[in-house]
Each structure stands twice: as structure tokens, then as C-alpha cells.
Amino acid sequence: MAARTLRIGLIPGDGIGREVIPAGRRILEALPASLNLKFSFVDLDAGWDTFKRTGTALPEKTVETLKKECDGALFGAVSSPTTKVAGYSSPIVALRKRLDLYANVRPVKTTAGAGGSPIDLVIVRENTEDLYVKEERTTDTPNGKVAEAVKRISERASSRIATMAGEIALRRQKIRDVAAASGAAVTRSKPMVTITHKSNVLSQTDGLFREASRQALAAQKFANVEVEEQIVDSMVYKLFRQPQYYDVIVAPNLYGDILSDGAAALVGSLGLVPSANVGDSFAIGEPCHGSAPDIEGKGIANPIATLRSVALMLEFLGEEPAAAKIYAAVDANLDEGKFLSPDLGGKATTQEVLEDVLKRL
Ligand code: ATP
């Protein structure tokens, strides 16, 4: 069978994005030939440096190349100016809009080597509406200023994010089944989606999110997925007391944002946490960390968040076996603990961590 060739856009951006995205490229190039996958790459600009050079943080050429030529992409990080700069806005936010990447997917995982029972959950955050429609206004009243914001929830967006959460739950079960068949210990035998909301207070907006999600997850293809729901505040409590309980959490934009950053604190370093921006026909892998100006240029950025983001992108491109190889190689590196970067208490450089993971592929 002819190998499948995937064209990947590489957008390193600023700061340590330029140190970790090359590691992402290397791991794709190092995947075993038996997977029958080939990659071609195109380097693309975006970010603060690009803005300073060209006057735009997201050149049209980057968007057009992604749309017309690429199957997926990797995005590093961008620095933000400390004060507002006219004309500058976040390129990743713009990219999500331009490519209709309506889901932000954030896995949170610990390995057996970290001690305790491993955490393995994923937060699926709706990324197009809720309070982030940014329709705010301030009115002067006799009692002082009053500020208001629109919280927009639609049936369509809620339904498609819940459908994506269900599909992710099924795919994670497949990956667990493969792992179990090869003798690995797995923590869960049935996929589960937890719908997060606050419909006891916001009966219309969050009520609609809950209803539309429930309905989407009632589809026949999700018959094997356990569906439950939880009020967001009690979820935060349980997420920190008992993170092992969760599999897939689906949430509207704001709760998803807060839960994702909170959950990242469960795993020790931002340098470990991947994400993906996903739509119906495109996925961009993106480490959760920022451009980390404090360690830029030192060669010590942890590349693991990026390597896991590569795997996540591959999952959404339908290449689960390749993704599983990367996850296993990264977990083995962490479990052995010989080549860890300084954020994890080790002494290894970006390059040394990468070489150790590549060796395990
Ligand atoms: P930005 O303004 O781009 O968001 P920031 O410094 O505010 O940058 P992060 O880049 O996310 O936010 O960094 C937060 C802290 O975590 C910093 O101390 C940084 O050095 C550390 N950090 C982030 N990513 C990594 C990584 N991949 N490896 C090691 N340390 C990291």
C-alpha cells in the first residue's frame, strides 16, 4: 500500500516556540517506516516578532497555506506585548476563527512513574461563543457604572462540541483497548463523558448547553459511552480531590478555560501539557505553555508538551497507531526519569530529552 503523505504547517512563533517546534518535526520524521506515513513540512510565520517585522501577527500567506496545502499544523507560542499595541491581536485566536477550529482539546495525564494512581483525562472546551463573544458594555447610572457582558450559547455549537467529546471518548477507548491487548495496565474499561454546566443558576444559557449536549450524546453511535453531568463548582472540587475519576469533560468556553488551566496544575509542569485546536477538517497541535521568555535561548525548554501535541494532532488526522507510539515513548522517558528537563527537577537539555524519546520510538 502506498504511504500516506501528510503536509504539516510549522508555526514556531516566538520564544521557546522556536526551540520546541523543531523537536515536533523531528519526532514526525523519526516515526517507524512500518506505519506507512510520510511527512512534508512548510515553515510559516506568526507572532509578535512577525508583527514587529511585517505589521501583522498573522500573515495572510500563513492562513492561505494552511487552508490550501496542509493536512494539519503545529503552533509553538507567541509573546504578547505587555501594553496594548495598536493593530496587534493574538494570531492563534484569529487562526481558530479563520479555520473554524471550534474545539480546544486538552489532555491531562500522569504516568505510573509519577506515583499514586495515574490521571488520564481530557477537557474538551467549546471555543467560539459563551462570554468570549466579547459583547460588553458599560453604562453610567445614578448609582455609578454598570458593566454587562453577553453570554451566548447556541444549540449548534453545544451539539457539535458534545459530539466531538463523544468521538474523543470512543477513540480513547480504542487506544486503551490496544494498550490492554499488548499487556499494559489500563485504568478504565468504559468511556465516559461528563457534561459541565451551571444550569441551576443559568437555566437558559447553560440549560441549553446541557440539553443540546445530552441530545447529541444520545446518538446511537455513543451507546457505549456513559454520559453524566456535573455542576461546574462541584466539578472543580472533585477534579482536585479525585482526578482519576474523569475521562472526557465537555464544557462551554469559560468553564473550559478555567478547568483546563486548573487541571494542568495536577501534572507538575506546563512543559508537559499538550493541546489541540480542532475543527471538522483541520487540527493544530499546540503546547499549552507560552513563549517562556525567562528560559528562551537557554536550550532547556521541555519539549514534551510539543511532542504530545504532535501525537494529539495525529489522533485527529486518524493516525492513532502513530500517536500511540509517541505517547508510549514519552511516557517511557518520564517513567525512567533519567533525561528530564529542569522544570521537572532534571538537568537534561531540550535536545537530550528529545534524543531519549526518539531512541524509544
Ligand atoms: P507568555 O507571555 O508567552 O505567556 P509566560 O512566561 O507568561 O509567557 P509561560 O511561557 O507559559 O508564560 O511560562 C510560565 C512559566 O513556566 C515560566 O517560568 C516558564 O519558564 C515555565 N515554562 C513554560 N513552558 C515551559 C517548558 N516547555 N519547559 C520549561 N519550562 C516552561
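Keep in mind that this is a model prediction, so the values were computed, not measured.

**As for the sheet that holds strand β10 (residues 248–251)**
Alright, step 1. In space, the ten strands of this open sheet follow the order β2-β1-β3-β12-β11-β4-β5-β10-β8-β9, with mixed pairing throughout. Each edge of the sheet is formed by a strand with only one pairing partner; in this case those strands are β2 (37–43) and β9 (226–231). Averaged over all pairs of adjacent strands, the angle between their axes in this sheet comes to 25°, without regard to strand direction.
Alright, step 2. Bridging between strand β11 (residues 276–278) and strand β12 (residues 283–285) involves three bridges; their strand directions are antiparallel. Across the sheet, residue Val-278 finds its bridge partner in β12, namely Ala-283.
Alright, step 3. Docked against the sheet, helix α1 (residues 17–29) engages β1 (4–13), β2 and β3 (72–77), running at close to 170° with respect to β1.

**Thoughts on helix α4 (residues 91–98)**
Alright, step 1. Every buried residue of α4 is listed here: Pro-91, Ile-92, Leu-95 and Arg-96. One side of α4 carries all its buried residues, which in axial view fall inside an arc of 140°.
Alright, step 2. Packing partners of the buried residues in α4 comprise β1, α3 (60–69), β3, β4 (103–109), β11 and β12.
Alright, step 3. Immediately beyond the C-terminal end of α4, within one or two residues, lies Asp-100, with a positive phi of roughly 50°.

**Quick word on the packing of α1 against helix α11 (residues 350–360)**
Alright, step 1. It is at 11 Å that the axes of α1 and α11 come closest, and there the two elements cross at 15°. Comparing their axes, α11 and α1 come out roughly parallel. Of the two possible hands of crossing, α1 and α11 adopt the one that is right-handed. Contact with α1, carried on its side by Glu-19, Ala-23, Arg-26 and Ile-27, involves Thr-350, Gln-351, Leu-354, Glu-355, Val-357 and Leu-358 of α11 and no other residues of that element.
Alright, step 2. In terms of residue class, the contact of α1 with α11 is built from five nonpolar, two polar and three charged.

**Some thoughts on the nonpolar core**
Alright, step 1. Ranked by size, the top nonpolar core spans 59 residues in total, and within it Ile-8, Leu-28, Phe-39 and Leu-314 carry the most contacts.
Alright, step 2. In this structure, Val-63, Phe-75, Tyr-88 and Ile-92 belong to the second largest nonpolar core, which totals 21 residues.

**Some details on the pairing of strand β7 (residues 144–149)**
Alright, step 1. Where strand β6 (residues 136–141) lies against β7, six bridges are found, and the strand directions are antiparallel. The residue of β7 that forms the bridge with Arg-137 is Glu-148.
Alright, step 2. Counted between consecutive antiparallel strands, the loop separating β6 from β7 contains two residues.

**Quick notes on the site of the ligand**
Alright, step 1. Near the ligand you find 14 residues, and of these Gly-290, Ser-291, Ala-292, Asp-294 and Asn-302 are the closest.
Alright, step 2. A distance of 2.8 Å separates an oxygen atom of the ligand from a polar backbone atom of Ser-291.
Alright, step 3. Split into classes, the residues belonging to the shell around the ligand amount to seven nonpolar, five polar and two charged.

**Quick notes on the pairing of β10**
Alright, step 1. Side-chain alternation along β10 places Val-248 and Val-250 on one buried face and Ile-249 and Ala-251 on a second face that is also buried.
Alright, step 2. Across four bridges, strand β5 (residues 120–126) lies against β10 in parallel orientation. The residue bridging Val-124 from the neighbouring strand is Val-250, located in β10.
Alright, step 3. With three bridges joining them, strand β8 (residues 192–197) and β10 adopt parallel strand pairing. When the bridges of β10 are listed, Val-193 appears paired with Val-248.

**Overview of the environment of Asp-43**
Alright, step 1. Along the polypeptide, Asp-43 turns up in strand β2.
Alright, step 2. Sequence spacing of Asp-43 and Val-357 is 314 residues, and the spatial spacing of their C-alpha atoms is 24 Å.

**Observations concerning α3**
Alright, step 1. Those residues of α3 that fall on the buried side of the exposure criterion are Thr-62, Val-63, Thr-65 and Leu-66. Down the axis of α3, the sector holding all buried residues measures 165°, keeping them to one side. In α3, the exposed residues that point more than 90 degrees away from the buried face are Lys-61 and Lys-68.
Alright, step 2. Looking at the buried positions of α3, the neighbouring elements they touch are β1, β2, β3 and α4.

**Focus on the packing of aromatic side chains**
Alright, step 1. Inspection of the entire model under this criterion finds five aromatic pairs.
Alright, step 2. Where Phe-51 meets Tyr-88, the ring centres are 5.2 Å apart and the plane angle is 80°; that geometry is what we call edge-to-face. Of this pair, Phe-51 sits in helix α2 (residues 48–54) while Tyr-88 sits in the loop between β3 and α4, and the two are 37 residues apart along the sequence. The burial state of Phe-51 is the same as that of Tyr-88; both residues are buried.
Alright, step 3. Taken together, a centroid distance of 5.1 Å and an interplanar angle of 90° make the contact between Tyr-245 and Tyr-246 edge-to-face.
Alright, step 4. In textbook terms, an aromatic cluster arises when at least three aromatic residues are bridged by ring pairs, as seen for Trp-48, Phe-51 and Tyr-88.
Alright, step 5. Over the aromatic face of Tyr-132 sits the side chain of Arg-125, whose NZ or CZ is 5.3 Å from the ring centroid.
Alright, step 6. Cation over ring: Lys-238 sits above Tyr-245, and NZ or CZ is 3.7 Å from the ring centre.

How each quantity is defined
- All residue numbers refer to positions counted from 1 along the written sequence of the respective chain.
- With pLDDT at 70 or above as the cut-off, local features in this predicted model cover only qualifying residues; side-chain atom pairs require 80 or more to be listed or tallied, and sums for whole chains, interfaces and linings still use all residues.
- Just so you know, side-chain values use all the structure's heavy atoms and leave hydrogens and water out.
- Any two strands with at least two DSSP-identified bridges between them are counted as paired.
- Put simply, DSSP H or I for four residues or longer makes a helix, DSSP E for two residues or longer makes a strand, and each gets a number counted from the N terminus.
- Angular values range over 0 to 180 degrees, each being the angle between N-to-C directions of two axes fitted as lines to C-alpha atoms, with helices fitted over their stretch in contact.
- Whether two residues touch is decided by their heavy atoms; if any such pair falls within 4.5 Å, the residues are in contact.
- Burial here depends on accessible area, computed with a 1.4 Å probe over protein chains only, as a share of the maximum for the residue type. Under 20% is buried, over 50% is exposed, and the range in between is partly exposed.
- By construction, the arc corresponds to the directions joining the helix axis to the C-beta atoms.
- Each angle is binned into one of four classes, with values under 35 degrees roughly parallel, values over 145 roughly antiparallel, values of 65 to 115 roughly perpendicular, and all other values oblique.
- Crossing handedness: left-handed means the near helix sits turned counterclockwise from the far one by under a right angle, and right-handed means the same turn made clockwise.
- Here the nonpolar group is Ala, Val, Leu, Ile, Met, Phe, Trp, Tyr, Cys and Pro; Asp, Glu, Lys and Arg are the charged ones; every other residue, Gly included, is treated as polar.
- In these notes, a set of buried Ala, Val, Leu, Ile, Met, Phe, Trp, Tyr and Cys residues joined through side-chain atoms within 4.5 Å is what counts as a nonpolar core.
- To be near a molecule or strand, a residue needs just one of its heavy atoms within 4 Å of it.
- As used in this structure description, the phrase polar contact means that two N or O atoms lie within 3.5 Å; if the pair is within protein, one of them must be able to donate a hydrogen and the other to accept it, and residues adjacent in sequence are counted only when both atoms belong to side chains.
- Only Phe, Tyr and Trp rings take part, Trp by its six-membered ring, and two of them pair if their centres are within 6.5 Å. Stacked means planes under 30 degrees apart, edge-to-face means over 60, and tilted covers everything else.
- The rule for a charge over a ring is simple: NZ of Lys or CZ of Arg within 6 Å of the ring centre, and within 35 degrees of the ring normal.

Worth remembering: the numbers are spatial, not functional.
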